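# Structure at a glance
The primary structure of each chain is shown beneath.
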Amino acid sequence: MKIPIISVVMIFISSCKTPSNPTKKDLKEIAKEIMIIAKSCAFITIDSLGVTHARAMDPFFPEDDFTVWFGTNSKSLKVQQIQKNKNVSLHYFDAKSGSYVTLQGVASTVNSQVEKEKYWKEEWENFYKNRTTDYLLIQFTPVKLNLISEKHSILGDSISWKTPEVLFE
């Protein structure tokens, strides 16, 4: 049986160390760069009917372990949805570099005054009349990260389009 030349080429390419086959450390560094450049992200929750809800958010920069903090209104719909289903996704997109990062994980609300002082942006002053009662934090803890970066030649699989991923412990 003859193996088509295209199959031999694909097997050879997939066995080579290429920019599209980076290490976990490389992927994390590139993901963090994209997240910082993108500045904002889509915060995606799931309601009680299983319908997803996406909204633009102004996150703090990711921590070393990719924990991401957000400020929100304590009475917002996303807070109610997180209380019923902690599984959320974040999506950062940088159109200029043709890059995106999608994180799946769990969210929890935090109402600690110490944390709320730590995670505060002065430009939010007009959004919260009473920072003690109206302002609440969301802490996102990642489970999985997927990314594409044309800038770094990190692309999805040529056949399935499956993106490179990092699983967090």
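Residues numbered from 1 in each chain as written. Predicted model: local features only at pLDDT ≥ 70, side-chain atom pairs only at ≥ 80, totals over all residues. Heavy atoms only, no water.

Another point: helix 2 (residues 24-38). Between its first and last C-alpha, helix 2 extends 21 Å over 15 residues, near the 21 Å set by a 1.5 Å rise per residue. Close packing links the buried residues of helix 2 with strand 3 (68-73), strand 4 (87-94), strand 5 (99-110), strand 6 (135-149) and strand 7 (165-167). Lys39 sits one or two residues past helix 2 and shows a positive phi near 70°. (Helix = DSSP H or I, 4+ residues; strand = E, 2+ residues; numbered from the N terminus. Expected span 1.5 Å × (residues − 1). Contact = heavy atoms within 4.5 Å.)

The final tally for this structure, using the stated rule, is eight salt bridges. Two residues, Asp64 and Lys32, come together in a salt bridge whose shortest N-O distance is 3.9 Å. A residue pair is termed long-range when its members are at least 10 positions apart, and Asp64 in the loop between strand 2 (52-57) and strand 3 and Lys32 in helix 2 qualify at 32 residues. Residue Asp64 is classed as exposed on the basis of its relative accessible area, which comes to 73%. Residue Lys32 is classed as buried on the basis of its relative accessible area, which comes to 18%. In this structure, Asp134 and Lys75 form a salt bridge, with 3.4 Å as the shortest nitrogen-oxygen distance. One end of the pair, Asp134, is in the loop between helix 4 (113-118) and strand 6; the other, Lys75, is in the loop between strand 3 and helix 3 (77-84), and 59 residues separate them in sequence. The class of Asp134 is buried, set by a relative accessible area of 16%. Look at Lys75 and you get exposed, because its relative accessible area is 57%. Through salt bridges with shared partners, a single network forms among Glu117, Glu125 and Arg131. (Salt bridge = Lys/Arg side-chain N within 4 Å of Asp/Glu carboxyl O. Buried < 20%, exposed > 50% of the residue type's maximum accessible area, 1.4 Å probe, protein only.)

Distances and angles like these do not, on their own, reveal function.
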